[in-house]
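Here is what each chain is made of, one letter per residue.
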Amino acid sequence: MTMTPDPRPPDIEQSIAAWERRHIDVADSLDTEDLAGDTMGNVAFNALLIGRLLALLGTFAEPAAPLRLLDAGCGTGWVTRALASFGHQADGIDSDEAVVTACRRRGRSDGRDRYARSQLDVWAPSYLYDAVVSVDVVSHIMEDSVWEASVVNLASLVRSGGRLILSDHDLAQDHRWNSSVMSRARRRYVDLLAAEGFVHRRFMPYDFRYNTAGFHVFDRIA
Amino acid sequence: MLIRELIVRHVGPEGAVHARGVQVDWSQVPAGVQAHQDDNSDGGPVAGDLLVVSAPTGLGLREHLDIDLPVGATVLLLLEVELAELPVGRVLAALAMAKLQVVEACVVSDAPAPTVAVVATRTDDVVAPAPYLAHDLEPGSSQGPAVIRRLLGEHALEGLAQRARERALLAQAGDVEARFEAVSTELKQRQDVRAEYDILVEEHKVMTSDLALARAERDAERKRMGVIRSSRTFRVASRLARVSGLARGIVGRSGGGGKSS
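S.K.: Account for the overall build of chain A, naming residues and giving values.
M.R.: Secondary structure assignment for chain A yields six helices and nine strands. For chain A, the share of sequence-separated contacts (at least 6 apart) that also reach a separation of at least 24 residues comes to 61%.

S.K.: Quick one: what's the story with the overall build of chain B, residue by residue and with numbers?
M.R.: Along the backbone of chain B there are four helices and six strands. Ordered by position in the sequence, the α and β elements of chain B form the string α-β-β-β-β-α-β-β-α-α. Computed over the C-alpha atoms, the radius of gyration of chain B is 48 Å, more than 25% above the 18 Å expected from 2.2 N^0.38 for a compact globule of 261 residues. Overall, chain B is about 145 × 45 × 40 Å in size when its C-alpha atoms are taken along their principal axes. Taking the contacts inside chain B whose residues are at least 6 apart along the sequence as the reference set, 64% of them involve residues at least 24 apart.

S.K.: I'd like a rundown of the interface of chain A and chain B, residues and numbers included.
M.R.: Taken together, the contacts link 25 residues of chain A with 23 residues of chain B. Of all the secondary-structure elements, those providing two or more residues to the side of chain A that touches chain B are helix H2 (39-57), strand E4 (129-134), strand E5 (158-168), strand E8 (198-205) and strand E9 (214-220) of chain A. In terms of residue count, the dominant contributor to the side of chain A that touches chain B is E5 of chain A (four residues). The class makeup of the residues in the side of chain A that touches chain B is 13 nonpolar, five polar and seven charged.

S.K.: I'd like to hear about the confidence of the model for chain B, residue by residue, with values.
M.R.: A low pLDDT score tells you not to read the predicted coordinates there in detail. All names here are of chain B. Summary statistics for chain B give a mean pLDDT of 88 and a share of 93% for residues scoring 70 or more. Between the elements of chain B, mean pLDDT differs from a low of 82, seen in helix H4 (residues 232-253), to a high of 97, seen in strand E4 (residues 74-79). Note on residues 257-261: pLDDT under 50 across the span, and two contacts to partners over four residues away in sequence or across chains. In the predicted assembly, ipTM is 0.75 and pTM is 0.78.

S.K.: Lay out the sheet that holds E4 of chain A in plain terms, naming residues and giving numbers.
M.R.: Residues and elements named next belong to chain A. With mixed pairing, the seven strands of this open sheet are ordered in space as E3-E2-E1-E4-E5-E9-E8. Unpaired on one side and paired on the other, strand E3 (113-117) and E8 mark the two borders of the sheet. Within this sheet the neighbouring strands show an average axis-to-axis angle of 20°, counted without direction. Pairing analysis gives three bridges linking strand E1 (residues 68-72) to E4, with the strands arranged parallel.

S.K.: I'd like a description of the environment of Phe218 of chain A, backed by residues and values.
M.R.: All names here are of chain A. Mapped onto the elements, Phe218 comes out in strand E9. Counting along the chain gives 57 residues from Phe218 to Gly161, while the straight-line C-alpha distance between them is 10 Å. Ignoring sequence-local partners within four residues, the contact set of Phe218 consists of Arg163, Leu164, Leu193, Phe198, Val199, His200 and Arg201.

S.K.: Give a description of the sheet that holds strand E3 (residues 50-55) of chain B that names residues and reports values.
M.R.: Residues and elements named next belong to chain B. Spatially, E2-E1-E3-E4-E6-E5 is the arrangement adopted by the six strands of the open sheet, whose pairing is mixed. Only two strands of the sheet have a single partner each, and these edge strands are strand E2 (34-37) and strand E5 (100-108). Sheet twist, expressed as the mean angle between neighbouring strand axes with direction ignored, is 20°. Here strand E1 (residues 16-20) runs beside E3; their pairing, made up of four bridges, is parallel.

S.K.: Before we move on, could you go through the nonpolar core and cite the residues and values that matter?
M.R.: In this structure, Leu69, Ala131, Val132, Val151, Leu154, Leu164 and Ile165 of chain A are the most contacted members of the largest nonpolar core, which totals 45 residues. Broken down by element, the residue count for this core peaks at five residues, all from helix H3 (residues 78-85) of chain A. Core analysis: the next-biggest nonpolar cluster, separate from the first, contains 30 residues, Leu50, Leu78, Val108 and Val118 of chain B among them.

S.K.: So what about the environment of Pro205 of chain A? Which residues, and what values?
M.R.: Residue and element names in this part refer to chain A. Considering the arrangement of structural elements, one finds Pro205 in strand E8. Taking the number of C-beta atoms within 10 Å as the measure of exposure, Pro205 has 13 and is therefore partly exposed. Once the C-alpha coordinates of Pro205 and Phe45 are considered, the two residues, 160 residues apart in sequence, prove to be 12 Å apart. Aside from chain neighbours lying at most four places away, what touches Pro205 is Thr212 and Gly214.

S.K.: Pulling in residues and values, what's your account of the confidence of the model for chain A?
M.R.: Residue and element names in this part refer to chain A. For chain A, mean pLDDT is 88; residues scoring 70 or higher make up 88% of the total. No element of chain A has a lower mean pLDDT than helix H1 (residues 12-25), at 69, and none a higher one than E1, at 98. Taken together, the stretch residues 1-5 has pLDDT below 50 and engages in three contacts with residues farther than four places along the chain or on a different chain.

S.K.: Explain the packing of helix H5 (residues 144-156) of chain A against helix H6 (residues 186-194) of chain A residue by residue, including any values.
M.R.: All names here are of chain A. Running from N to C, H5 and H6 point in directions that differ by 50°, and their axes come no closer than 10 Å. Put simply, H5 runs oblique to H6. In this structure, H5 meets H6 at a crossing whose hand is right-handed. Taken together, the residues of H6 that come into contact with H5 (itself represented by Glu148, Val151, Val152 and Ala155) are Tyr189, Leu192 and Leu193. Class assignment for the residues of the contact of H5 with H6 results in six nonpolar, no polar and one charged.

S.K.: Report on unusual backbone geometry, specifying residues and quantitative values.
M.R.: Not every positive phi belongs to a glycine, and Arg209 of chain A is a case in point at roughly 45°. Relative to the elements of secondary structure, Arg209 of chain A occurs in the loop between E8 and E9. Taking the number of C-beta atoms within 10 Å as the measure of exposure, Arg209 of chain A has 13 and is therefore partly exposed. Positive phi, normally seen in glycine, also occurs at Lys99 of chain B, with a value near 55°. With respect to the element layout, Lys99 of chain B can be found in the loop between helix H2 (88-97) and E5.

Cut-offs and rules
- Residues numbered from 1 in each chain as written.
- Chains lettered and ligands numbered in written order.
- Predicted model: local features only at pLDDT ≥ 70, side-chain atom pairs only at ≥ 80, totals over all residues.
- Helix = DSSP H or I, 4+ residues; strand = E, 2+ residues; numbered from the N terminus.
- Contact = placed C-beta atoms within 7 Å.
- Rg over C-alpha atoms; globule rule 2.2 N^0.38 Å.
- Nonpolar A, V, L, I, M, F, W, Y, C, P; charged D, E, K, R; others polar.
- pLDDT = per-residue confidence, 0-100.
- Pairing = 2+ DSSP bridges.
- Axes fitted to C-alpha atoms, helices over the stretch in contact; angles between N-to-C directions.
- Core = buried A, V, L, I, M, F, W, Y, C linked by C-beta atoms within 7 Å.
- Buried ≥ 20, exposed ≤ 12 C-beta atoms within 10 Å, placed from the backbone.
- Parallel < 35°, antiparallel > 145°, perpendicular 65-115°, else oblique.
- Left-handed = near helix turned anticlockwise from the far one by under 90°.

Here it is, written out as C-alpha cells:
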C-alpha cells in the first residue's frame, strides 16, 4: 500500500504535542528508540549510539575539568545521563515539561546532568558548550523555519574548536519519510552552518542493521 | 590525559623529546622518537621538538622556562598543583617572558600528585589552540584571524558572564549555608529538648516503678490487715477493747479518777 503524505507538515506545536504523547509511552525506557525495532535491538541501538558519540567527542574525560555538553532534545535523558557518567557536565533540554521533570527526578546525585525545559531554537545559557549533540531530534522538526532556527541556535552555543553533532540521514535531497520525520539534505546543513563558522567534518552512519541515519559532524573554525 | 598522550600529540613528526627535571617513562614514548633525559649535549630543543619540564608554581617558575627557545619548539609544562589552585597570572607571565603561547591545557591523569599540564609553543605569531575533542577526523583549517576574533569574543563575553554566574553561585551557596546553620541550630535545640524529655521519661519510669512498689506494699499491708481483722483473736481483742472503753466511760461519768476539764 502506498501512503500519500499529508501535503501540509505539522507545525512545531503539533510536533511538540506528538512528542509529549510519545514520551508518556516511553517515560521509563530508553532515550532513543527505533520504532520499527525490537526491544533488545533498541537497547543495543542506544549503547551503539553512545559508542559513536564517544568516538566523536573523544575519550578524554577529566571530572575535575569536565567537557560541557548539551543534549538538545534529551527526551527521557538517557543520553544525557550516559554522557555525564563519563565525567562530563551535561545539560539536557526538551520542550516537554513532563520529561524534564522526570529527568530531574532521575538525575545523578553529583549534579553532572542538569535539565531545562526549552525548545532547541531558543535555548541561550550564559556559557558555551564544548559540544552540542542532538540525537534524532532535528529531523522531527517538520516546520522548516523552526528547523533552520534550531540548527542555527544550537550552532551559536558551540565554542571555538567545539563540535556540533546532529543526527539525520545523509541525503542529496530533502526527504519526507512520514508525517513526523523529515530529513534535510546534507547541503542544507553545510550551507547553513558554514555561515555560522562551521565546517562539515564527516557523516558517521549509525551502522545499525537497517537504519541508514547517522551523525553529521561539524566543527567551529571561526 | 596521560603524559604519553600529551607527548604524542605535541611532538613534531621529526621532533625529539627533551625531559628536564622530570623523569619520563621512555618506554611509553612511541618508538622512533628521539629522547633526551636532562641532557643538553645535543644543543637543546629545535623547531618541532617538545621540551617536557616540571616546574614549581611558586615565584621560581620563570627560571624553569628557557627564554631562548627556537620558534617552533613546544614546551609541555607540568605544574604540580590542584587545577582549582592554578596560579593563572604567574603561569601566563612566565610563558609570555619566554614568548610561549598556550595551545592546550589539561589535567594530567597519571601523575602521582595532582598535576596540570600546560602546552605552549614558541611563536612570534598567533596560533590557534590545539583541537581537544576527538581529532582524528578529516582535517580542516582552524587557523586564521576569524578563529582568533571568535576566541577573543568568547573570552570577553564568557569572562564577563562567568563573573556574574560565579557571584550568583556564591550567593546561592551562601543561602544554603545560612539555611544549613539555621537548621543545625534548630536541630540542636530540638536535641536539647529531646534530651530533657528523655530525662523526664526516665524519671517518670522510676516514679511509676516506685508507685507500683508502694501500691504493692499497700495492698500486701491491706491483705495482712484483712487477715488480722478476720482472726478470732482480733475479734476478741476488739470486743474487749470496746468493753474496756465502755467501762472507762462509766467510770469517768461517775467522777472517779478522771481529769476535770
